[in-house]
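# Descriptive analysis of the structure
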Amino acid sequence: MTMIRRMVTRCLVAAAGAAAIAPPALAQEVDRTSGLEEIIVTAQKRAESAQDVPIALTVFDSSVLARANITRIEEIVMRTPNFTMMRVNVGEPQFYIRGVGSNSDSAAGDPTVGVFQDEIYVGRVSGAAFDVFDMERVEVLRGPQGTLFGRNTSGGAVNFIPKRPEQDFYASAELSYGNYDAIDGRLVVNGGLTDSLAGRLSLSRREHSGFSENIETGADLDDEDNWSVRGQLLFTPSDSSRLLLGYDYVKDDTEGHARVPFPVFDTGQVGAANNLALAALRAIWPAGSDVRKSYSVPESFQEREINGLTARYENDASYGSWTVLGGWRNVELNWLEDLDGLKPFGFPPVTPPFPQPYGWVLKNRDEADEDAEQYSLEVRLTSPADARVFWVAGLYYFTETVDRTESFLTQFSLLPAAGGDVTFVQDVDSDSYAAFGQITYPFTDRFSTTLGLRYTEDEKEARQIGRNNDPNDATPGIPLFPGQPYDVTADDSWDSVTGRLGVDYRTASGQLLYASASKGFKSGIFPSQNNVVQNVGVATPEEEVWSYEIGAKTEWFDRTLRVNLALFHMDYEDLQLFRLDPQLRLVTFTEDTVNQGAELEILAAPAEGLELGLNAAYLKAEVDGGQNDGGQLPRAPEHTLGAFAEYSWPVAGGGLSVRGEFKWTDDYRTEIPYFNDAANWRVTEIESFALLDARAAYQLEERNLEFSVWGKNLTDEEYPLHTIPFLGNGFSIFAPPRTYGVSVAWKSR
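Predicted model only: the values in this text are computed from it and were never measured.

### Some thoughts on the overall build of the chain
- A tally of regular secondary structure across the chain gives four helices and 40 strands.
- By residue count, 58% of the 749 residues in the chain fall in the buried class.
- Across the chain, every contact between residues at least 6 apart in sequence was considered, and the portion connecting residues at least 24 apart equals 69%.
- With the model as given, the accessible surface of the chain reaches about 28,900 Å², and the carbon-plus-sulfur share is 57%.

### Digging into the layout of surface pockets
- Reported here for the second largest pocket is a volume of approximately 1,200 Å³.
- If you go around the second largest pocket, you meet 48 residues; those closest to its centre are V41, K45, R46, A47 and E48.

### Quick look at the sheet that holds strand β19 (residues 293-294)
- Read from one edge to the other, the open sheet built from three strands follows the order β15-β14-β19, with strand pairing classed as mixed. Two strands close off the open sheet at either side, each with one partner strand: β15 (220-221) and β19.
- As defined by bridge partners, strand β14 (residues 212-214) adjoins β15 across two bridges and the pair is classed as antiparallel. When the sheet's bridge partners are listed, S212 is paired in β15 with L221.

### Concerning the nonpolar core
- F60, L65, F95 and F160 are the most contacted members of the largest nonpolar core, which has 24 residues in total.
- Among the elements of the structure, α2 (62-67), α3 (73-77), β4 (83-87), β5 (93-97), β7 (113-117), β9 (135-142) and β10 (156-162) are those that each provide at least two residues to this core.
- Not counting residues within four places of it along the chain, the set of residues in contact with F160 comprises I73, V115, F116, Q117, D118, F130, V132, M135, R137 and V138.

### A look at the pattern of salt bridges
- Scanning the model with the defined rule gives 49 salt bridges in all.
- Notably, a salt bridge pairs E661 with R79, separated by 2.8 Å at the nearest N-O pair. With a gap of 582 residues between them, E661 in strand β33 (residues 654-665) and R79 in the loop between α3 and β4 connect regions that are remote in the sequence. Taken individually, E661 and R79 each receive the classification buried, so the pair is uniform in this respect.
- Across the salt bridge formed by E207 and R205, the nearest N and O atoms sit 2.6 Å from each other.
- For E207, a relative accessible area of 26% corresponds to the partly exposed category.
- Given the relative accessible area of 19%, R205 is considered buried.
- Where salt bridges share partners, they join K45, E119, R242, R312, E314, D316, E378 and R380 into one cluster.

### Thoughts on empty space enclosed by the protein
- Under the definition given, this model contains 16 cavities of 30 Å³ or more.
- There is about 700 Å³ of room inside the largest cavity.
- Lining the largest cavity are 42 residues, and of these L339, F578, L586, H722 and I724 lie nearest its centre.
- Classifying every residue of the lining of the largest cavity gives 19 nonpolar, 11 polar and 12 charged.

### Focus on a negative patch on the surface
- Together, E332, E367, D369, D371, E373, D403, D427, D429, E459, E461, D491 and D492 make up a negatively charged patch on the protein surface.
- Of all the secondary-structure elements, those providing two or more residues to the negative patch are β22 (362-382), β24 (420-442), β25 (447-468) and β26 (486-506).
- Examining the composition of the negative patch, we find that four residues originate from one element, β22, more than from any other.
- By the element assignment, E459 lies in strand β25.

### Let's talk about the sheet that holds strand β18 (residues 260-261)
- The three strands lie next to each other as β18-β39-β38, forming an open sheet whose pairing is antiparallel. Each edge of the open sheet is held by one strand with a lone partner, namely β18 and β38 (720-726).
- Of the strand pairs in this sheet, β38 and strand β39 (residues 729-734) are connected by six bridges, and their pairing is antiparallel. Each bridged residue has a counterpart across the sheet, and for H722 the counterpart in β39 is I733.

### Let's talk about the packing of aromatic side chains
- Under the counting rule described, the total for this entry stands at 13 aromatic pairs.
- Geometrically, the ring pair formed by Y647 and W649 is stacked, given 5.3 Å between the ring centres and 20° between the ring planes.
- An aromatic cluster is built from F116, Y121, F149 and F398, whose rings are joined through pairwise contacts.
- The side chain of R98 reaches across the aromatic face of F568, ending 4.0 Å from its centre.
- Its guanidinium or amino end placed over the ring of W710, K712 lies 5.9 Å from that ring's centre, counting from NZ or CZ.

### Thoughts on the environment of E38
- Here E38 is to be found in the loop between α1 (2-21) and β1 (40-41).
- A relative accessible area of 47% places E38 in the partly exposed class.
- In this structure the C-alpha to C-alpha distance between E38 and E48, which are 10 residues apart in sequence, comes to 9.7 Å.
- Those residues in contact with E38, other than ones at most four positions away along the chain, are S49 and R559.
- Within polar-contact distance, the side chain of E38 engages the side chain of S49 at 3.4 Å.

### Remarks on the side chain of R98
- Here R98 shows up in the loop between β5 and β6 (100-101).
- Here R98 falls in the buried class, since its relative accessible area comes to 0%.
- Polar side-chain contacts of R98 include one of 3.1 Å to the side chain of E549.
- In contact with R98, other than residues within four places in its own chain, are A56, N82, R142, G143, E549, A566, F568, M570, N595, E599 and L619.

### Topic: unusual backbone geometry
- Note the cis peptide between I478 and P479, where omega equals 5°.
- Structurally, P479 is set in the loop between β25 and β26.
- A cis amide bond links F481 to the next residue, P482, at an omega of 5°.
- The phi angle at E119 is positive, at roughly 75°, despite the residue not being glycine.
- Mapped onto the fold, E119 is located in the loop between β7 and β8 (120-121).
- On the accessibility criterion, E119 (11% relative accessible area) is buried.

Rules used in this analysis
Residues numbered from 1 in each chain as written. Predicted model: local features only at pLDDT ≥ 70, side-chain atom pairs only at ≥ 80, totals over all residues. Heavy atoms only, no water. Helix = DSSP H or I, 4+ residues; strand = E, 2+ residues; numbered from the N terminus. Buried < 20%, exposed > 50% of the residue type's maximum accessible area, 1.4 Å probe, protein only. Contact = heavy atoms within 4.5 Å. Areas by Shrake-Rupley, 256 points an atom, 1.4 Å probe, with all protein chains shown as cover. 1 Å grid on protein atoms, 1.4 Å probe; cavity = no way out; pocket = protein on both sides within 12 Å on 5 of 7 lines; lining within 4 Å. Points joined across faces, edges and corners; volume = space filled by probe spheres on them. Pairing = 2+ DSSP bridges. Core = buried A, V, L, I, M, F, W, Y, C linked by side-chain atoms within 4.5 Å. Salt bridge = Lys/Arg side-chain N within 4 Å of Asp/Glu carboxyl O. Nonpolar A, V, L, I, M, F, W, Y, C, P; charged D, E, K, R; others polar. Patch = residues over 30% accessible without salt bridge, like charges linked within 9 Å, V, L, I, M, F, W, Y side chains within 5 Å. Lys, Arg positive; Asp, Glu negative; His and termini not counted. Charge placed at Lys NZ, Arg CZ, Asp CG, Glu CD. Phe/Tyr/Trp six-rings, centres within 6.5 Å; stacked < 30°, edge-to-face > 60°. Lys NZ or Arg CZ within 6 Å of the ring centre and 35° of its normal. Polar contact = N/O pair within 3.5 Å; in protein donor to acceptor, adjacent residues only side chain to side chain.

No statement about biological role is implied by the geometric values presented.
Quick look at the structure:
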């Protein structure tokens, strides 16, 4: 993989040089019949070309989403530079941009990468991973977005913009079938109901049998069963006013994950307890065991239900445009997970000297129930579309209530006192208030400057309970062990002024060069599953970041070549992190970090019907100071590389297209290695891996039909998504295996 790392570095260096010395007339030197499409975005709360936005931005419009067969957020992540993701379960995705994210599941915690659905902020990550269907586009903004997107976007923001209702009738349907008995169905119906009222209904159904199975029963694990619905009404009483009402619903009901003992190291363990664990694990889980077969209990499950309402009113006046945006969202999440995947209590003995019964080293069942409800309201006024000076000003309010109960049933043969039955309860109320404004002033036709400011005040009140469910057990089990039960109520508040100062310059040939400094902020959190009673009511400090970025957005050869480059340096203070430490405590702690790197995106249409793409990223994200100084941040691979090629050509009665995509990810860690945890250092590392996807389609133009065959992870790469380090070994869940299938799609026009 050293060759790929060198390739990434050379691409970034070459692109930086080209941006610096590019001759002004180069864009007009070649005449071609093909070209790259312009994509209109609203990343700055106004409609403009993505190439005019002086922000590191990756956009997927509806055409790309369809041609790349993108159906879920993970497939957005893998195609975006310096964007990684890990999904613990259906309701706990973890997003990282430029090495910054959050892995805390606290009801009093917040994400570091904000997810928005049609500009409505999704407060809980449990409601942030939804099906990608009937979308106009998806915008991924990298780096702090504290001015216009607000709270909890210090790492970046992802905005999903659904297609809106139109007066003209439109309908589409798609059906797919694949291995693992996968069935995906989608239906869209759109049209005018009256002269001033249009509606749109979108349905999605996804299911497949288990990628894994229980060894003892053969029951499915890692399956999928999802329903998604979106309904919208657009009322246009006049040319200057619009009212959009929307409802969305998601339901997931699956059998749970297959967690397995991986990695298990045969040498280099630290301490007698680690060596005992190794012997037992190898007896239960021999080397070379199939990672798709697990002892995870068959009664495990994951259930999630999301309901959301949106109301958006827009009015255009001579002095500017008003937008009033209100939203309500509710997420109910339940699961029972087997966190070890080992043989259950009572199996035949393994190698002594373990006490009877020998059939288990660790038994850990995790059952959770979370109910989150949020309301948000934003009012903003923007300058007229034809104004020379662009400005936006607004007010924002957000309130959320989260009730979370999580229980752990644990048995640990090496340390019986650490076993037990404990429950953690968090009841949290959060409120956030903000005022913001941004202005872009053009000093000349080529040179502009942007200044944005936002004041935010966050308030949180949390009641936290740690309960021992076994009154006869003097030492509560993990993770309350070695602490004692508690019932504590606390509150805290944080405020911050964030903003952005940027300059941008247009060259004579229209290339955009920009530089910016921006500040991001995330309020403190009350840690979950705390086992130190003195810390229960103590919130972490707020998280703040200063980010400095320079970049170029360029197009050449009559818009047949697009090259975008961003270089960044980020200084974080009190970045919030969460992990299991060597003393078996779930610890929330903060670190100062430095994150710096580069991102390159190239898109080319060198010939009619041919489109090529390349993205490369470099990232160095490390702890700066303290006992963990120099430690690599989690989910922060140093190099990533992605590429695709697509070719379309006409045939009798329609057209053919083929597309192939490649993504390589460098080594990275799932958790920050704790300074005194040498035994778990290697366990947290995910080795580099490469993924290959492909799709071929035939379009029958006369009947508006398309037939396609597709495959994902065609090389059947096996790599962990999430690993729990414990006593020098790991307990992991794995990414999906190779999948493939056929699809047929129809549209009315």
